[in-house]
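Observations on the model geometry
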Amino acid sequence: MKKIETCLKDCYILEPDLFGDNRGYFTEFYSQKKLKSLELEGILGTVVQANRSMSKKGTLRGMHYQLGTSSQAKLVECLKGAVLDVVIDLRKNSPTYKKWTSVELTPENHRQLLVPKGFAHGFLTLEDDTLFQYLVDALYDPFNEDGIAWDDPAIGIEWPFEQYGIDEPILSEKDKNRKTLEEAGVPFL
């Protein structure tokens, strides 16, 4: 497994090893032992839940997080289609506080993103029928679920709508009404 640093502290792109032959390929898409060997074991705790979403092209899910003891670290990947995966560091004491980064995840590039606790996470689907998977280290808690506006001008995420022929994103009602970071006052320390 290869570890690639992003511009955000503690957030990494992972490229699992592939072993291929005439049948296809085999890969370990998650290995606690390999995370430890890459000195990443403290970022993702014990995986307690796995989630998948299927979305139409142009769906924007984000920017989400959970609060308190429900805060989640995630290992995410795209199983079908393509996504632009985006994270924002919301840890007030981090040197990369309020900074964001993005990475394109596809089945062809086999990339994953390791997202620490204290980050907002979201993604834009770039193809129809995109299948996205998350491994998380805390159970979903609807009472501690929250998020910030995907288009918060103070954050300035550059969503590539025009590049992918997306007129406007498809959003949930919750995501249409999220507050800015300043209004939300995110309490991650």
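Residues numbered from 1 in each chain as written. Predicted model: local features only at pLDDT ≥ 70, side-chain atom pairs only at ≥ 80, totals over all residues. Heavy atoms only, no water.

Here we take up the nonpolar core. In this structure, Met63, Ile88, Leu90, Ile148 and Trp159 are the most contacted members of the largest nonpolar core, which totals 22 residues. Breaking this core down by element, the ones donating at least two residues are strand 6 (60-66), strand 8 (83-89) and strand 11 (119-125). Core analysis: the second largest hydrophobic core is formed by 16 residues, Ile13, Val76, Leu105 and Phe119 among them. (Core = buried A, V, L, I, M, F, W, Y, C linked by side-chain atoms within 4.5 Å. Buried < 20%, exposed > 50% of the residue type's maximum accessible area, 1.4 Å probe, protein only. Helix = DSSP H or I, 4+ residues; strand = E, 2+ residues; numbered from the N terminus.)

Let us now look at the packing of aromatic side chains. By the definition in use, this model includes six aromatic pairs. Aromatic side chains Trp150 and Trp159 sit 6.5 Å apart centroid to centroid with 70° between the ring planes, which places their arrangement in the edge-to-face category. You'll find Trp150 and Trp159 in the same group, each marked buried. Centre to centre, the rings of Trp150 and Phe161 are 5.9 Å apart; their planes meet at 80°, and the pair counts as edge-to-face. Within this pair, whereas Trp150 is found in the loop between strand 13 (145-147) and helix 2 (173-176), its partner Phe161 is found in the loop between strand 13 and helix 2, the two being separated by 11 residues in sequence. Each of the two residues, Trp150 as well as Phe161, counts as buried. The structure contains a cluster of three or more aromatic residues connected by ring pairs, namely Phe123, Phe132 and Tyr134. (Phe/Tyr/Trp six-rings, centres within 6.5 Å; stacked < 30°, edge-to-face > 60°.)

Within the element layout of this structure, Asp175 appears in helix 2. You can call Asp175 buried: its relative accessible area is 4%. Polar contacts involving the side chain of Asp175 include one to the main-chain amide nitrogen of Gly62, which spans 3.3 Å. In this structure the side chain of Asp175 is engaged in a polar contact, spanning 3.1 Å, whose partner is the side chain of Arg178. (Polar contact = N/O pair within 3.5 Å; in protein donor to acceptor, adjacent residues only side chain to side chain.)

This paragraph deals with a negative patch on the surface. On the surface, Glu104, Glu108, Glu127, Asp128 and Asp129 cluster together to form a negatively charged patch. As for its position among the elements, Glu127 is in the loop between strand 11 and strand 12 (130-136). For Glu127, a relative accessible area of 39% gives the class partly exposed. (Patch = residues over 30% accessible without salt bridge, like charges linked within 9 Å, V, L, I, M, F, W, Y side chains within 5 Å. Areas by Shrake-Rupley, 256 points an atom, 1.4 Å probe, with all protein chains shown as cover. Salt bridge = Lys/Arg side-chain N within 4 Å of Asp/Glu carboxyl O. Lys, Arg positive; Asp, Glu negative; His and termini not counted. Charge placed at Lys NZ, Arg CZ, Asp CG, Glu CD.)

Here we come to the side chain of Gln112. Mapped onto the elements, Gln112 comes out in strand 10 (residues 112-115). Among the polar contacts listed, one links the side chain of Gln112 to the backbone oxygen of Phe29, at a separation of 2.7 Å. Not counting residues up to four positions away in its chain, the partners in contact with Gln112 are Met1, Tyr12, Ile13, Leu14, Pro16, Phe29, Leu75, Val76, Glu77 and Leu105. (Contact = heavy atoms within 4.5 Å.)

Attention now moves to the pattern of salt bridges. Tallied over the entire structure, the rule returns 12 salt bridges. Between Asp146 and Arg178 there is a salt bridge, with the nearest N and O atoms lying 3.7 Å from each other. In this pair, Asp146 is assigned in strand 13 and Arg178 in the loop between helix 2 and helix 3 (181-184), connecting sequence segments 32 residues apart. A relative accessible area of 28% places Asp146 in the partly exposed class. Overall, the relative accessible area of 17% leaves Arg178 in the buried class. The partner of Arg178 in a salt bridge is Asp175, with the nearest N and O atoms 3.1 Å apart. Each member of the pair Arg178 and Asp175 is classed as buried. Linked by salt bridges that have partners in common, Lys9, Asp10, Asp89 and Arg91 make up one network.

Any functional reading would require information beyond the geometric quantities listed.
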